[in-house]
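# Chain and residue survey
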There are 2 protein chains.
Amino acid sequence: MVRAGLSPERLTRAGVELADEVGFDQVTVSALARRFDVKAASLYSHLKNSQELKTRIALFALEELADRVAAALAGRAGKDALEAFANAYRDYAREHPGRYAAARLRLDPETAAASAGMRHSQMTRAILRGYDLTEPDQTHAVRMLGSVFHGYVSLEQAGGFEHSAPDAQESWVWMVDSLDALLRTRSTP
Amino acid sequence: MVRAGLSPERLTRAGVELADEVGFDQVTVSALARRFDVKAASLYSHLKNSQELKTRIALFALEELADRVAAALAGRAGKDALEAFANAYRDYAREHPGRYAAARLRLDPETAAASAGMRHSQMTRAILRGYDLTEPDQTHAVRMLGSVFHGYVSLEQAGGFEHSAPDAQESWVWMVDSLDALLRTRSTP
DNA sequence: CTAATTTGCCTATAGGCTGTAGGCAAATGC
DNA sequence: GCATTTGCCTACAGCCTATAGGCAAATTAG
């Protein structure tokens with residue numbers, strides 16, 4: 001009986017791919033075991049439980065998304081940075097719907113603190129440096145950007161803009177434009 | 001053996017309450033049966049399957065939320081209407097997290113068409129009458145408002161603003177203010 | 001008012017997922 | 001080569017969805 005060569009890392013990787021294929025909430029220990037042609041019970045030597053699997057996938061997605069956003073932001077400022085940030089976010093969600101859903105998993109405080117979550121908020125704040133906002137406006141703006149991008153991507157993924165004109169892409173551009181204008185209005189140079 | 005007096009309507013009502021108590025995705029046929037002190041199999045005379053239960057709860061929530069928003073909007077216009085709309089939305093999510101989650105369930109096209117979903121987009125458009133937007137800006141604005149309100153409420157519910165100052169309420173007011181300013185900027189009287 | 005029918009909830013059952021316990025064989029170390 | 005460790009296995013228990021068929025309560029008909 002040849003061994004499958006399981007490990008937490010390989011299981012996480014496969015879980016990440018499974019999430020994109022069948023949806024994050026369809027990721028189960030059973031389905032993952034089938035993918036390795038192994039019995040479900042065997043996975044419990046490598047994973048404490050299914051929650052740990054989901055958390056690992058979420059952490060992977062948060063990290064990957066942060067990397068992408070960081071790459072997109074490199075060398076950009078102002079509206080350019082805002083657009084790059086917005087598009088990195090939306091593109092990731094479109095390319096990897098399961099990973100994006102995973103990234104929204106609610107983590108327990110200590111896991112969240114050790115996650116790439118901090119990088120995300122730091123990068124959002126970095127964008128706002130181009131707009132000269134002072135506290136508490138900066139925090140308000142961070143929350144607003146997070147809300148609008150997440151909200152849009154989430155509604156788009158749910159098919160909310162599918163059967164109506166104009167194209168979702170147009171609204172996205174309009175929205176990012178509008179946010180840029182708004183932030184410039186709020187800036188105190 | 002005294003009968004429990006089940007019906008699709010009573011089951012839906014109880015499901016709605018269960019959703020707020022334990023979370024929408026913890027609503028199961030089994031849990032609902034326990035609540036009526038009845039075996040799970042008995043519910044299948046009244047419900048086709050668990051999907052139907054969830055859909056019914058979603059439709060109830062959409063309707064109830066639309067009613068609330070309609071009441072909040074009555075007699076208001078402009079920024080006043082925008083604030084009322086925003087608050088009706090957020091308050092509902094805070095008071096009834098399970099119902100709010102249910103309202104976000106993806107419905108199949110024909111069910112969606114027969115739902116209160118249309119009322120929601122019509123009411124959003126009604127608010128924008130106060131800002132003299134022309135197409136396609138109006139559609140873009142409808143999508144943006146939907147995104148930002150849903151996004152904020154969703155992040156707030158996920159605890160995203162819990163451990164940081166200032167209070168989530170302050171950011172909300174700031175955001176609604178900003179959206180009003182933005183829409184006025186975009187208006188073409 | 002009783003008898004027939006319908007309706008409502010039951011038990012039994014099957015299949016899927018999570019998770020634990022204990023077993024055997026492959027890999028590793030001495 | 002032999003002992004130990006490791007990895008995946010079977011078996012099982014508990015909970016969930018869903019179907020089939022049964023019996024008794026409620027309703028309708030004569």
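Looking at an unreviewed UniProt entry, one finds chain A named AcrR family transcriptional regulator and attributed to Streptomyces clavifer.

### Topic: the protein's contact with DNA strand C
The environment of DNA strand C is made up of 21 residues, and the closest members are R3 and S50 of chain A together with R3, G5 and S42 of chain B. Within 4 Å of the protein, the contacting atoms of DNA strand C are 67% sugar and phosphate, with bases supplying the remainder. The separation between a phosphate oxygen of DNA strand C and a polar main-chain atom of V29 of chain A is 3.2 Å. R34 of chain A has a polar side-chain atom sitting 3.0 Å from a phosphate oxygen of DNA strand C. For the surface near DNA strand C, the elements supplying multiple residues, two or more each, are α2 (29-35) of chain A together with α3 (40-43) of chain B. Element by element, the count of residues in the surface near DNA strand C is highest for α2 of chain A, at 3 residues. Considering only residue class, the surface near DNA strand C consists of 9 nonpolar, 8 polar and 4 charged.

### Considering the interface of chain A and chain B
Across the boundary between the two partners, chain A contributes 35 residues, which contact 35 residues of chain B. Summed over both sides, the interface of chain A with chain B buries roughly 3000 Å², with 61% coming from carbon and sulfur. Ranking the residues of chain A by area buried against chain B places H140, R143 and W174 of chain A at the top, with a combined share of 27%. Our count for the contact surface shared by chain A and chain B stands at 2 salt bridges. For the salt bridge of E162 of chain A with R106 of chain B, the shortest nitrogen-to-oxygen distance reads 3.6 Å.

About the thresholds
- Residues numbered from 1 in each chain as written.
- Chains lettered and ligands numbered in written order.
- Predicted model: local features only at pLDDT ≥ 70, side-chain atom pairs only at ≥ 80, totals over all residues.
- Heavy atoms only, no water.
- Near = heavy atom within 4 Å.
- Polar contact = N/O pair within 3.5 Å; in protein donor to acceptor, adjacent residues only side chain to side chain.
- Helix = DSSP H or I, 4+ residues; strand = E, 2+ residues; numbered from the N terminus.
- Nonpolar A, V, L, I, M, F, W, Y, C, P; charged D, E, K, R; others polar.
- Contact = heavy atoms within 4.5 Å.
- Buried area = accessible area lost by both parts, 1.4 Å probe.
- Salt bridge = Lys/Arg side-chain N within 4 Å of Asp/Glu carboxyl O.

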